[in-house]
Amino acid sequence: MDKKIIVLGVTGGIAAYKSAQLASNLFKKGYDVHVIMTKNATEFITPLTFEVLTNNKVAVDTFDRNFDYNVNHISLAKKADLFVVAPATANVMAKFACGIADDMLTTSYLAFSGPTLMAPAMNTGMLDHVATQRNMHRLRQDGVHFIQSDVGYLACGDVGIGRLADLADIEDEIEYVLTKKSLTGRKVVITAGPTQEAMDPIRFLSNHSSGKMGYALAWAARNMGAKVVLISGPTHLKAPRHVEVVHVRSADEMYQAAMRHLDYDFFIASAAVSDYRPVEVADQKLKKKDLAAHLRLAFRQNEDIVLKVASQKKENQKVTAFAMETENLVVNAKLKLEKKQVDLVVANNLTDRGAGFSGDTNKVTLVMKEAEFELALMDKRQLAIEILNRMEQL
């Protein structure tokens, strides 16, 4: 597969030094990065820095005679997949909004017809000024994507909004913009993480689920253009941006949340839900000396979320369940497929290296009514894409 080409515009703000790390990160991810700097940007960081990091010559001067014969801003604009400006100053956004083309960056922008992402960075007063807001509004109307500036300590000494967004968020937004929106107009509901069943105000029963698979699915579905509802048990993970998150703790809370979101196109039950909960929950902490008397707990069964959801699904709705097994993987997955009335079971064997709860990879077999596909060990985000692609084909 050909590399995606990104044009990275770097303008004259103090945050320009962060763009070097951004260029390096994008290069390491496999993108072909071409940097265009304004002359003011070269006062903060040298073009040589970006050339070393990207293995591409940096463009600054529209009339640079050292380039191979070609109208370089047109050449870059024709072959690029994405135009990113980070940092984007008030000055350059004003030029973009008004169609001014007086240097290499602004000329290339006007020649580019693909998606553009801007990451503003400036003093709070400049960002809040009516002229800057008007220019940003006009650019949004033109189809430009923006990533919001962060709040924090600014170079001028003020504290407020205007810092360049976190690089991880910029990179995440780049992936979002570049991903084909095959799920536009669809709603994907995902359960993720563990549930916790209280014994008293301090103790609970749970499992080792980290939630990473469910959060990866939310990330992938969002990138593919879906409206995503992530029903999450307790985790330490940061939820993907642009995703509706419903935080729950117990299996019953997760069940109630799922029942409020039955208007889905895809429902993916990746959460590790407790099958049982204590019949009685102590109001006060069980003291050590009294705990032995309570170790024989009585349990009641929790609602089977997958079964309840799947039993009510309409013809155009698809439900995927997960199965964690230690033996007879495909046989048990097929039994679950039939019992739960789902369309797809993602089955993984806990004994396989790289599979399981807390890691960043997984090795699964996709089990359907008339077929099964064993997948290689892969990153959970890549697996999430595979699962969603398969659900589209069902």
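Residues numbered from 1 in each chain as written. Predicted model: local features only at pLDDT ≥ 70, side-chain atom pairs only at ≥ 80, totals over all residues. Heavy atoms only, no water.

Enquirer: Just to check I follow, could you spell out the overall build of the protein chain for this structure?
Expert: Helix and strand content of the protein chain: 14 helices and 21 strands. The dimensions of the protein chain, computed from C-alpha atoms along their principal axes, are 80 × 50 × 35 Å. For the protein chain, the proportion of its 394 residues judged to be buried stands at 49%. Here the analysis covers contacts within the protein chain between residues at least 6 apart in sequence; of these, 66% occur between residues at least 24 apart. Working note: accessible area of the protein chain is about 20,100 Å², and carbon and sulfur atoms make up 49% of it. A gap of 2 Å separates the mean positions of the 48 positive and 46 negative side-chain charges of the protein chain. (Helix = DSSP H or I, 4+ residues; strand = E, 2+ residues; numbered from the N terminus. Buried < 20%, exposed > 50% of the residue type's maximum accessible area, 1.4 Å probe, protein only. Contact = heavy atoms within 4.5 Å. Areas by Shrake-Rupley, 256 points an atom, 1.4 Å probe, with all protein chains shown as cover. Lys, Arg positive; Asp, Glu negative; His and termini not counted. Charge placed at Lys NZ, Arg CZ, Asp CG, Glu CD.)

Enquirer: Got a minute to help me understand the pattern of salt bridges in this structure?
Expert: Side chains that differ in sign of charge can pair as their charged atoms come close. The tally for this structure, following the rule as stated, stands at 16 salt bridges. Across the pair Asp169 and Arg241 runs a salt bridge, and its minimum N-O distance is 3.9 Å. One end of the pair, Asp169, is in helix H8 (residues 167-178); the other, Arg241, is in the loop between strand S11 (227-232) and strand S12 (244-247), and 72 residues separate them in sequence. Close ionic contact of Arg222 with Asp172 constitutes a salt bridge, the shortest N to O distance being 2.8 Å. Of this pair, Arg222 sits in helix H9 (residues 212-223) while Asp172 sits in helix H8, and the two are 50 residues apart along the sequence. The class of Arg222 is buried, set by a relative accessible area of 2%. Look at Asp172 and you get buried, because its relative accessible area is 12%. (Salt bridge = Lys/Arg side-chain N within 4 Å of Asp/Glu carboxyl O.)

Enquirer: Quick question: what am I supposed to make of the packing of helix H1 (residues 16-28) against H8 here?
Expert: Each pair of packed helices can be described by the angle between their axes along with the distance between the axes. Between H1 and H8, the least distance of the axes is 10 Å, while the angle of their chain directions is 45°. As the angle between them shows, H1 and H8 are arranged oblique. H8 is crossed by H1, and the crossing has right-handed handedness. Taking contact as the criterion, the partners of Lys18, Gln21, Leu22, Asn25 and Leu26 in H1 are, on H8, Leu167, Ile170, Glu171 and Ile174. Across the contact of H1 with H8, the residue classes tally to five nonpolar, two polar and two charged. (Axes fitted to C-alpha atoms, helices over the stretch in contact; angles between N-to-C directions. Parallel < 35°, antiparallel > 145°, perpendicular 65-115°, else oblique. Left-handed = near helix turned anticlockwise from the far one by under 90°. Nonpolar A, V, L, I, M, F, W, Y, C, P; charged D, E, K, R; others polar.)

Enquirer: Quick question: what am I supposed to make of the packing of aromatic side chains here?
Expert: Two numbers describe a pair of aromatic rings. These are the distance of the centres and the angle of the planes. A full pass over the atoms with the stated rule returns four aromatic pairs. With a centroid separation of 5.6 Å and 40° between ring planes, the pair formed by Phe83 and Phe112 is classed as tilted. Pair noted here: Phe83 is in strand S3 (residues 82-88) and Phe112 is in the loop between helix H5 (104-111) and strand S4 (116-120), with a separation of 29 residues, a long-range link. For Phe83, a relative accessible area of 1% translates into the label buried. A relative accessible area of 10% means that Phe112 is categorised as buried. Between Phe96 and Tyr109 the ring centres are 4.1 Å apart and the planes differ by 35°, which places this aromatic pair in the tilted class. Of this pair, Phe96 sits in helix H4 (residues 90-98) while Tyr109 sits in helix H5, and the two are 13 residues apart along the sequence. In textbook terms, an aromatic cluster arises when at least three aromatic residues are bridged by ring pairs, as seen for Phe83, Phe96, Tyr109 and Phe112. The cationic tip of Arg140 hangs over the ring face of Phe146; the distance from NZ or CZ to the ring centre is 4.7 Å. (Phe/Tyr/Trp six-rings, centres within 6.5 Å; stacked < 30°, edge-to-face > 60°. Lys NZ or Arg CZ within 6 Å of the ring centre and 35° of its normal.)

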